[in-house]
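Summary of the model geometry
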Amino acid sequence: MELLRKSGLKVTPQRLSVMNVIMEAGEHFKAEEVYRKLKKSEPSITLATVYNIFRSLTDNGIINSFEVDGTTWFESNLDAHANLFCEKCGTIEDVSLSENSNLLEQFSLDGRKVRSASLVLKGLCTKCSRNSR
Ligand SMILES: [Zn+2]
Ligand SMILES: [Zn+2]
């Protein structure tokens, strides 16, 4: 609720329920998944409403979105990091950039600030790479 208020968004019951599901959804989620979960407690909610709420949350910097092969994913982790898409199980794993934090500085931006970055890597997640060994 505080997050919504802080960013100047109206606190509506639907926005709150969406936020609650997001908090439980884990690090990376798709609008359809959140919609399916919400539908149980809020039968009147539509997928379009979920998308609209996600858009306003993204516009206000509460969540981030990125795309993998035409599918839009959302996440609440706003730190600069790369998202590793596992080509075997289809999950997303966060890859920290902290050790290569000068990565963004590699781009020639003439002093302009980077507000956000979306970097998608493809390969195997920790679990799948362990299992394939
Ligand atoms: Zn995997
Ligand atoms: Zn991530």
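Residues numbered from 1 in each chain as written. Chains lettered and ligands numbered in written order. Predicted model: local features only at pLDDT ≥ 70, side-chain atom pairs only at ≥ 80, totals over all residues.

Concerning the sheet that holds strand S4 (residues 81-86)
How we decide: By the convention used here, strands pair only if DSSP detects at least 2 bridges between them. Strands here mean DSSP runs of E at least two residues long; helices mean DSSP runs of H or I at least four residues long; both are numbered from the N terminus. Angular values range over 0 to 180 degrees, each being the angle between N-to-C directions of two axes fitted as lines to C-alpha atoms, with helices fitted over their stretch in contact.
Pairing is mixed across the open sheet formed by three strands, whose spatial order is S5-S4-S6. For this open sheet the edge positions go to strand S5 (92-96) and strand S6 (119-123), each flanked by a neighbour on one side alone. Within this sheet the neighbouring strands show an average axis-to-axis angle of 35°, counted without direction. When S4 meets S6, the two strands line up parallel, connected through five bridges. Residue pairing for S6: Leu 84 is matched across the bridge by Leu 121.

Digging into the nonpolar core
Rules: For our purposes the nonpolar core covers buried Ala, Val, Leu, Ile, Met, Phe, Trp, Tyr and Cys residues that link as a set through C-beta atoms within 7 Å. Residue burial here comes from a neighbour count, namely the number of other C-beta atoms, placed from the backbone, that lie within 10 Å of the residue's own C-beta, with 20 or more meaning buried, 12 or fewer meaning exposed, and in between meaning partly exposed. By the convention adopted here, residues make contact when the C-beta atoms placed from their backbones lie within 7 Å.
Core analysis: the biggest nonpolar cluster contains 17 residues, and Val 18, Ala 31, Val 34, Leu 38, Val 50, Phe 54 and Phe 74 have the highest contact counts within it. Secondary-structure elements contributing two or more residues to this core are helix H2 (13-25), helix H3 (31-41), helix H4 (47-59) and strand S3 (71-75). With near-sequence residues (within four places) excluded, Val 34 lies in contact with Val 18, Val 21, Ile 22, Ala 25, Phe 29 and Val 50.

Describing the environment of Leu 119
By secondary structure assignment, the location of Leu 119 is in strand S6. Overall, the presence of 14 C-beta atoms within 10 Å leaves Leu 119 in the partly exposed class. Along the backbone, Leu 119 and Lys 30 are 89 residues apart, and their C-alpha atoms lie at a distance of 17 Å.

Some thoughts on H2
Heads up, the condition is: In a helix, the anticipated span is given by 1.5 Å times the number of residues less one. Arc definition: it is the arc formed by the directions from the helix axis to the C-beta atoms.
With 13 residues, H2 should reach 18 Å at 1.5 Å per residue; the first-to-last C-alpha distance of 18 Å fits that figure. Listing the buried residues of H2 in full gives Val 18, Val 21 and Ile 22. One face of H2 carries all of its buried residues, which in axial projection span an arc of 105°. For H2, exposure combined with an orientation more than 90 degrees from the buried face picks out Pro 13, Met 23 and Glu 24.

Digging into the sheet that holds strand S1 (residues 28-29)
One open sheet accounts for three strands, arranged S1-S3-S2; its pairing is antiparallel. The sheet is open, and its two borders are formed by S1 and strand S2 (64-68), each paired with just one other strand. As defined by bridge partners, S1 adjoins S3 across two bridges and the pair is classed as antiparallel. Across the sheet, the residue bridging to Phe 29 is Phe 74, located in S3.

Here's the deal with the pairing of S2
As paired strands, S2 and S3 are joined by five bridges and run antiparallel to one another. Each residue of the ladder has a partner; that of Val 68, found in S3, is Thr 71. Counting the residues in the hairpin turn of S2 and S3 gives two residues, including Asp 69, whose phi is positive at 50°.

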